[in-house]
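# Structural description and commentary
Given next are the chains, with one letter for each unit.
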Amino acid sequence: MKMPVLKTNKMIALIVVLAAFAIVIGIMTPLYLQNKINALYKEYSRLSNETNVLESDILQLKLKVNQYSSLERLRDFAKVAGLELNAVPVKVMGEGGAGE
């Protein structure tokens, strides 16, 4: 049984087109995946830098809290605000008694 020439030529053309398509897909897939990986690494780097900045801000705020809550700072604030509650009265002069 003989195949007509038109069917054979169409089949060969279809096979060539499919093979070319497969080659193009085979070449483009690794490039696409590499671009996606690069984009993910770029986003990871950006988020990592942002995390580091936020952690630094948290540490600075904790340091400020510790400074503000220290006794020295509270004492200085009390002086400025006129709230010196821990001032002990000083005896300036004794009155009468055995020491005179």
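Preceding block: the structure.
Residues numbered from 1 in each chain as written. Predicted model: local features only at pLDDT ≥ 70, side-chain atom pairs only at ≥ 80, totals over all residues. Heavy atoms only, no water.

## What about the overall build of the chain?
A count of helical and extended segments in the chain gives two helices and zero strands. Here the chain holds 100 residues, and 1% of them are scored as buried. Here the chain has roughly 10,000 Å² of accessible surface; of this, 68% comes from carbon and sulfur atoms. (Helix = DSSP H or I, 4+ residues; strand = E, 2+ residues; numbered from the N terminus. Buried < 20%, exposed > 50% of the residue type's maximum accessible area, 1.4 Å probe, protein only. Areas by Shrake-Rupley, 256 points an atom, 1.4 Å probe, with all protein chains shown as cover.)

## A look at a nonpolar patch on the surface
There is a patch of nonpolar side chains on the surface, built from Ile23, Val24, Ile27, Met28 and Leu31 and spanning about 490 Å² of accessible area. Tracing the backbone shows Leu31 in helix α1 (residues 5–69). (Patch = residues over 30% accessible without salt bridge, like charges linked within 9 Å, V, L, I, M, F, W, Y side chains within 5 Å. Salt bridge = Lys/Arg side-chain N within 4 Å of Asp/Glu carboxyl O.)

## Points about the pattern of salt bridges
Pairs can form between side chains of opposite charge whenever their charged atoms are close. On inspection of all chains with the given rule, the structure shows two salt bridges. Here Arg46 makes a salt bridge to Glu43, at a shortest N to O gap of 2.7 Å. On the criterion of helical spacing, the pair formed by Arg46 and Glu43 is a turn pair, its members being three residues apart in helix α1. By relative accessible area, Glu43 is classed as partly exposed at 35%. For Arg46, the salt bridge is made with Glu50, and the minimal N-O distance between the two is 3.2 Å. A residue pair is termed a helical-turn pair when its members lie 3 or 4 positions apart in one helix, as Arg46 and Glu50 do in helix α1 at four residues. Classification of Glu50 by relative accessible area gives partly exposed; the value is 39%. It is possible to trace a salt-bridge network through shared partners that takes in Glu43, Arg46 and Glu50.

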